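# Summary of structural features
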Amino acid sequence: MQTTITHETKQVKVDDVKLYINGEFTGGQGKTSYANRSPFTNETINNIAEGRKEDIEEAVKAAKEAFEQGPWGKLKVKERLVYINRIADLIDEEAEEIALLESIDTGLPISQTKNQAARAAENFRFYARMVETKLHGESYPVDEDFINYTVYKPLGVVGLITPWNAPFMLETWKVAPALATGNTVVLKPAELSPLTANKLAEIIHKADLPAGVFNVVHGFGETAGDALVKHPDVKAISFTGETTTGSTIIKNSADTLKKTSMELGGKSPLIIFDDADFDRALDAAVWGIFSFNGERCTANSRVFVHKNIKDKFVEKLKERVLNIKIGDPLDPSTELGPLIETEHFNKVKHYIELAKEEGCEVFQAVVPEELKAGNYVPPTLLLNATNDMRVCQEEIFGPVMAVIEFETEEEAIQAANDVRYGLAGYVWTNDMKKGHRVAHAVEAGMLWINSQNVRDLRIPFGGTKDSGIGREGGHYAIFEFYTEPKVIHVALGDHHIPQFGKKK
Ligand code: NAD
């Protein structure tokens, strides 16, 4: 099946998607496929080859051979990094098409997927620089007797399992450090967003990486994902997705003693004090939940507003919500598009009904009639919410902001922390002492003071509590996950060696 997408002056043909194993595009051993639907129309875009256990076996075998016998493991670092930079250049060349594919596959507005494509190229360049300049060990001299030194070695075959909410960015955020440090990769992308993962396979194929170094097995979590997690030759699993899936993966990887990295769900607080820059806080709060259609792990889904400014803040929030441009994801002026699929759409709608039952006032914009075929949930405010409600405790993962009033700093911190998650947090105040105090007290892996979520590739990214284990980003990815230190002990002289069994 082939669908042609026309956007402004560009036409893209979307063919059926195959697995990419050992340098070849293949239909998979089971020869089965599933339909990939458009969030905008719910019609089929194309068919996706459904990888299963036997395809994972083949991909891992190819990746293992490429690591142990292929040229990849023997390349000089500079030679390897030429490939990594070439991938970045090819992503740049194809950025427009990547953004387009991402938008038709996920419903994310094109103005937002464009930035993601640029970020993806930077992920490769950043890790090429990082590995070239920072991936070195330490030395530990022991008097005149020893010099001990460390070298950082790649792990071998790593399995990468990714979600659908910002697929290309999140996939490259894992693939770039994994390859730059010399590992080989089997990627299992989310079943709901296969198009840009396939594009990445095409780009890496074009960059001429040796066969088997990078493989993509599309398919479902419970089959393809599970087989990757349980495979004895896969040394590590880097996972981003829901907390419950992360927990299952940790259990299932135990028998083969895998290293795992977990980037999981969130229910992040944004706390606005009455001395904050009101307009900037408003901009940030609105963007932080309604960008990415609300399908953002670090979204500020719980907004705590000081009682002195709450009424005015809610009034302005209502104005913004009514003005957000709901539209076709390919329209450059669209700010909010459709949710990924009908099941998720129903889940989000269910939470909005639950909010009413729990006593919230629900304030929503209206989805234009001509968009009714898509999975559109309008920007939604849950007013008069309290932190103990289920809608304030569970991750909704849609364009839904709960607004909670507070009076004291202690009360805000206590409520912000009274949740199982701990991914991100945001504090708005012009009292810097208070800003730091609250940022230190909120239980989350990442805090922003007087800012929306702005990323710097050098910082550690990740959460605490049920939001994750481990960190990605910066040197954390290359030292703490994709390599292992090996220590070499070198005797410099004739130090004492016990002489067991020697006749006195
Ligand atoms: P999900 O957990 O349903 O799926 C993620 C991936 O795991 C998919 O590729 C899926 O096929 C696979 N999978 C499912 N079951 C599996 C199993 N038993 N074994 C192996 N793999 C399995 O998550 P989703 O719905 O795709 O993504 C949304 C979630 O991701 C949200 O909770 C969001 O907060 C989270 N997320 C977290 C971050 C972060 O950095 N912390 C970033 C983005 C998204």
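As a starting point, this report considers the structure included with it. (Residues numbered from 1 in each chain as written. Predicted model: local features only at pLDDT ≥ 70, side-chain atom pairs only at ≥ 80, totals over all residues. Heavy atoms only, no water.)

### A word on the overall build of the protein
What the protein contains, in helices and strands, is 15 helices and 24 strands. Scaling as 2.2 N^0.38, a compact globule of 504 residues should have a C-alpha radius of gyration of about 23 Å, and the protein matches this with 25 Å. If one aligns the C-alpha atoms of the protein with their principal axes, the spans along those axes are about 90 × 60 × 40 Å. For the protein, with 504 residues in total, the buried portion stands at 56%. Partitioning the intrachain contacts of the protein with sequence separation of at least 6 by distance along the chain shows that 74% fall at a separation of at least 24. (Helix = DSSP H or I, 4+ residues; strand = E, 2+ residues; numbered from the N terminus. Rg over C-alpha atoms; globule rule 2.2 N^0.38 Å. Buried < 20%, exposed > 50% of the residue type's maximum accessible area, 1.4 Å probe, protein only. Contact = heavy atoms within 4.5 Å.)

### So, the packing of helix H13 (residues 409–417) against helix H14 (residues 432–441)
Following both chains from N to C, one finds H13 and H14 inclined at 30°, their axes separated by 10 Å at the closest point. As the angle between them shows, H13 and H14 are arranged roughly parallel. Between H13 and H14 lies a crossing of right-handed hand. Here Glu409, Ile413 and Asn417 of H13 lie close against H14, whose contacting residues are Lys434, Arg437, Val438 and Ala441. Looking at the contact of H13 with H14 residue by residue, the class counts come to three nonpolar, one polar and three charged. (Axes fitted to C-alpha atoms, helices over the stretch in contact; angles between N-to-C directions. Parallel < 35°, antiparallel > 145°, perpendicular 65-115°, else oblique. Left-handed = near helix turned anticlockwise from the far one by under 90°. Nonpolar A, V, L, I, M, F, W, Y, C, P; charged D, E, K, R; others polar.)

### What about helix H2 (residues 77–93)?
The periodicity of an α-helix, 3.6 residues per turn, causes residues three or four positions apart to be oriented the same way. Taking 1.5 Å of rise per residue, 17 residues should cover 24 Å, and H2 covers 25 Å from first to last C-alpha, within 8% of that figure. Taken residue by residue, H2 has Arg80, Leu81, Tyr83, Ile84, Ile87, Ala88, Leu90 and Ile91 as its buried positions. Of the surrounding elements, those touching the buried residues of H2 are helix H3 (95–106), helix H4 (110–134), helix H5 (167–180) and helix H6 (195–206). (Expected span 1.5 Å × (residues − 1).)

### Side note on the site of the ligand
What surrounds the ligand is a group of 28 residues, the closest being Lys188, Glu191, Thr245, Leu264 and Glu395. One of the side-chain N or O atoms of Lys188 is found 2.7 Å from an oxygen atom in the ligand. The fraction of the free accessible surface of the ligand (860 Å²) that becomes covered by protein chains is 92%. When residues of the shell around the ligand are assigned to their parent elements, the largest contribution, four residues, is made by helix H7 (residues 221–230). Its residues assigned to classes, the shell around the ligand shows 14 nonpolar, eight polar and six charged. (Near = heavy atom within 4 Å. Polar contact = N/O pair within 3.5 Å; in protein donor to acceptor, adjacent residues only side chain to side chain. Areas by Shrake-Rupley, 256 points an atom, 1.4 Å probe, with all protein chains shown as cover.)

### Side note on the nonpolar core
Ile91, Leu179 and Phe214 are the most contacted members of the largest nonpolar core, which totals 93 residues. Setting aside its immediate chain neighbours within four residues, Ile91 contacts Ile98, Ala117, Ala120, Ala121, Phe124, Phe168, Thr172, Leu200 and Ile203. Counting residues in hydrophobic clusters, the runner-up holds 31 residues, among them Phe273, Phe304, Leu339 and Ile352. (Core = buried A, V, L, I, M, F, W, Y, C linked by side-chain atoms within 4.5 Å.)

### Things to note about the sheet that holds strand E17 (residues 380–383)
The seven strands are arranged E16-E17-E18-E15-E14-E20-E21 in an open sheet whose pairing can be described as mixed. At either margin of the open sheet sits one strand with a lone partner, and together these are strand E16 (361–364) and strand E21 (446–449). Averaged over all pairs of adjacent strands, the angle between strand axes in this sheet comes to 20°, irrespective of strand direction. In terms of strand pairing, strand E14 (residues 269–272) meets strand E15 (residues 302–306) through four bridges, oriented parallel. In the sheet register, Leu270 faces E15, and the bridge partner there is Val303. Across the sheet, H13 is in contact with E14, E15 and strand E18 (400–406); its angle to E15 comes to roughly 170°. (Pairing = 2+ DSSP bridges.)

### Here we look at the pattern of salt bridges
In total, this model carries 28 salt bridges according to the counting rule given. Between Lys199 and Glu94 there is a salt bridge whose closest N-O contact spans 2.8 Å. A residue pair is termed long-range when its members are at least 10 positions apart, and Lys199 in helix H6 and Glu94 in the loop between H2 and H3 qualify at 105 residues. Given the relative accessible area of 14%, Glu94 is considered buried. Its salt-bridge partner being Asp275, residue Lys434 comes within 3.8 Å of it at the nearest N-O pair. (Salt bridge = Lys/Arg side-chain N within 4 Å of Asp/Glu carboxyl O.)

### Observations concerning the environment of Lys310
Mapping Lys310 onto the fold places it in helix H10 (residues 310–323). Note: C-alpha distance between Lys310 and Val403 (93 residues apart in sequence) is 8.9 Å. Lys310 has contacts with Val305, Asn384 and Glu405, leaving out every residue within four places of it along the chain.

Function cannot be inferred from these measures alone, as they are strictly geometric.
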